[in-house]
Amino acid sequence: MTKTAVVTGAARGIGLATTKLFLAEGRRVIMVDNDEAELAKAADGLTGATPLPCDVSDPQGVNLLARAVMDAVGRVDALVNNAGLADFGPIEQTDFERWRAVMATNLDGVFLMSQALTPALKATKGAIVNIASISALRASTLRVAYGTSKAGVAHLTQQQAVELGEHGIRANCVCPGPVRTKLAMAVHTQDIIDAYHDAIPLNRYGQETEVAEAIVWLCSDKASFVTGQRLAVDGGFEATGIGLP
Ligand code: NAD
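Below, the structure is looked at part by part. (Residues numbered from 1 in each chain as written. Predicted model: local features only at pLDDT ≥ 70, side-chain atom pairs only at ≥ 80, totals over all residues.)

1. Considerations on the site of the ligand
Phase 1 of the analysis: Taken together, 29 residues lie near the ligand, and Gly9, Gly13, Gly84, Thr181 and Leu183 sit nearest.
Phase 2 of the analysis: For the shell around the ligand, the secondary-structure elements that each account for two or more residues are helix H1 (13-24), helix H4 (96-124) and helix H6 (182-185).
Phase 3 of the analysis: Its residues assigned to classes, the shell around the ligand comprises 12 nonpolar, 12 polar and 5 charged. (Near = placed C-beta within 6 Å. Helix = DSSP H or I, 4+ residues; strand = E, 2+ residues; numbered from the N terminus. Nonpolar A, V, L, I, M, F, W, Y, C, P; charged D, E, K, R; others polar.)

The following block contains the structure:
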């Protein structure tokens, strides 16, 4: 029996790196993304991967997706809620539409996907890994919507761990530091990049694969007694106590 992982936001960045690591260890992967064209391109040639386009913030779409996953592979051993949007701005310059869009993908999406796949995860005593951010752990002047959504994800993870533990489901949260993906590079100005380089003890941005390794480990049996945790994969940034640039 081949174990199956569902990875959202799998068309690029951290989600695609996670997909490739799962495939390398012999899992099947359901790749989920709302960018249909990029998803098809990413999945092309990846043996064991099945692309299923879906907007994780759409309740109906997510329910249809859950059914399609069970039709395609019949089981879910791991769910990685990685799809995300970034928006940097202070309170007075964040319009409500933008706030709602960030909450819809970053927080509603994690809730909806987890709810829809909980029956499948109960059947396998599976694992959930939610991708938050170091922005979940620290407030900053620029991240009113993004940071709040990610703090919600970190708390939702603990809710899941506490509630679903009796079914053998583990839930953990990975809080990446900065990684040079499309999402980050759309909002990281040169000033932010320079400040991160100085503030991070390892003096560099992380790589997609470094975050993916932590995700795949948390989904594995090697982490069988780890649940309800927030793991910062951030080159030591959180330990410095320095504010986010
Ligand atoms: P990315 O932009 O490379 O990938 C995000 C993917 O999510 C894209 O393929 C996008 O199409 C998909 N997506 C967006 N909205 C979606 C929706 N509603 N439904 C389905 N798919 C959707 O970004 P990334 O940096 O790889 O981000 C992955 C996760 O890591 C995000 O949750 C992000 O907040 C988090 N994160 C990233 C960084 C960083 O510096 N890159 C730092 C901390 C946390």
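2. Here's the deal with the packing of H4 against helix H5 (residues 144-164)
Phase 1 of the analysis: One can describe the packing of H4 onto H5 by two numbers: an axis separation of 9 Å at closest approach and a directional angle of 15°. Our classification of the angle between H4 and H5 gives roughly parallel. Note on packing geometry: the crossing formed by H4 with H5 is right-handed. Note on element contacts: H5 touches H4 through Ala145, Tyr146, Ser149, Lys150, Gly152, Val153, Leu156, Gln160 and Leu164, opposite Arg98, Trp99, Val102, Met103, Asn106, Leu107, Val110, Phe111, Ser114 and Thr118.
Phase 2 of the analysis: Residue composition of the contact of H4 with H5, by class: 11 nonpolar, 6 polar and 2 charged. (Axes fitted to C-alpha atoms, helices over the stretch in contact; angles between N-to-C directions. Parallel < 35°, antiparallel > 145°, perpendicular 65-115°, else oblique. Left-handed = near helix turned anticlockwise from the far one by under 90°. Contact = placed C-beta atoms within 7 Å.)

3. Quick notes on the pairing of strand E5 (residues 127-131)
Phase 1 of the analysis: E5 sits mainly inside the fold: 5 of its 5 residues count as buried.
Phase 2 of the analysis: Here E5 shows a buried face lined by Ala127, Val129 and Ile131 and a second buried face lined by Ile128 and Asn130.
Phase 3 of the analysis: Considered for its hand, the β-α-β crossover made up of strand E4 (residues 78-81), H4 and E5 is right-handed.
Phase 4 of the analysis: Across 5 bridges, E5 lies against strand E6 (residues 170-176) in parallel orientation. (Buried ≥ 20, exposed ≤ 12 C-beta atoms within 10 Å, placed from the backbone. Right-handed = clockwise from strand over helix to strand, strands pointing away. Pairing = 2+ DSSP bridges.)

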